[in-house]
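Below are the chains, spelled out letter by letter.
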Amino acid sequence: MLKYKIILERNEDNEGYYTVTVPALPGCVTQGRTKKEALLRAREAIEGYLESLQKDGLPIPADVELAEVTVASH
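Residues numbered from 1 in each chain as written. Predicted model: local features only at pLDDT ≥ 70, side-chain atom pairs only at ≥ 80, totals over all residues. Heavy atoms only, no water.

Chemist: Got a minute to help me understand the overall build of the chain in this structure?
Modeler: Across its full length, the chain holds one helix and three strands. Listing each helix as α and each strand as β along the chain from the N terminus yields β-β-β-α. Here the chain has a C-alpha radius of gyration of 14 Å; the compact-globule value for 74 residues is 11 Å, and the former is much larger. Dimensions of the chain along its principal axes, counting C-alpha atoms only, are 45 × 30 × 20 Å. Counting every position in the chain, which comprises 74 residues, the buried fraction comes to 23%. (Helix = DSSP H or I, 4+ residues; strand = E, 2+ residues; numbered from the N terminus. Rg over C-alpha atoms; globule rule 2.2 N^0.38 Å. Buried < 20%, exposed > 50% of the residue type's maximum accessible area, 1.4 Å probe, protein only.)

Right, here's the structure in full:
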């Protein structure tokens, strides 16, 4: 069982949809009308991405570490 961190963002200018990106998997992006739907689609997108890598004989990327940085606003 693999685990990947995702970024879940509410997109107010897209009718309130949630957009999901997977930092460890470049180009793996999906969305859903609700948070629950977005998370379900994220699982499906990750599974499809990994399946594609396996079919092509490419390595499965490890998850990334996420951190926060505080900066001064100007």
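Chemist: So what exactly am I meant to see when it comes to the nonpolar core here?
Modeler: For soluble globular proteins, nonpolar side chains are generally found buried alongside one another. Counting residues in each nonpolar core, the largest one holds eight residues, listed as Y4, V22, A24, L25, C28, I46, L50 and L53. The contacts of L53, once residues within four sequence positions are left out, are L58, P59, I60 and P61. (Core = buried A, V, L, I, M, F, W, Y, C linked by side-chain atoms within 4.5 Å. Contact = heavy atoms within 4.5 Å.)

Chemist: I'm lost on the side chain of T19 in this one. Help?
Modeler: Relative to the assigned elements, T19 resides in strand 2 (residues 17–21). With near-sequence residues (within four places) excluded, T19 lies in contact with I7, L8, E9, N11, V29, T30 and Q31.

Chemist: When you look at the environment of G32 in this model, what are you seeing that I'm missing?
Modeler: With respect to the helices and strands, the residue G32 is situated in strand 3 (residues 29–32). Separated by 15 residues in sequence, G32 and Y17 have C-alpha atoms that sit 5.6 Å apart. With sequence-adjacent residues up to four places away left out, G32 is seen in contact with Y17, Y18, E37, A38 and R41.

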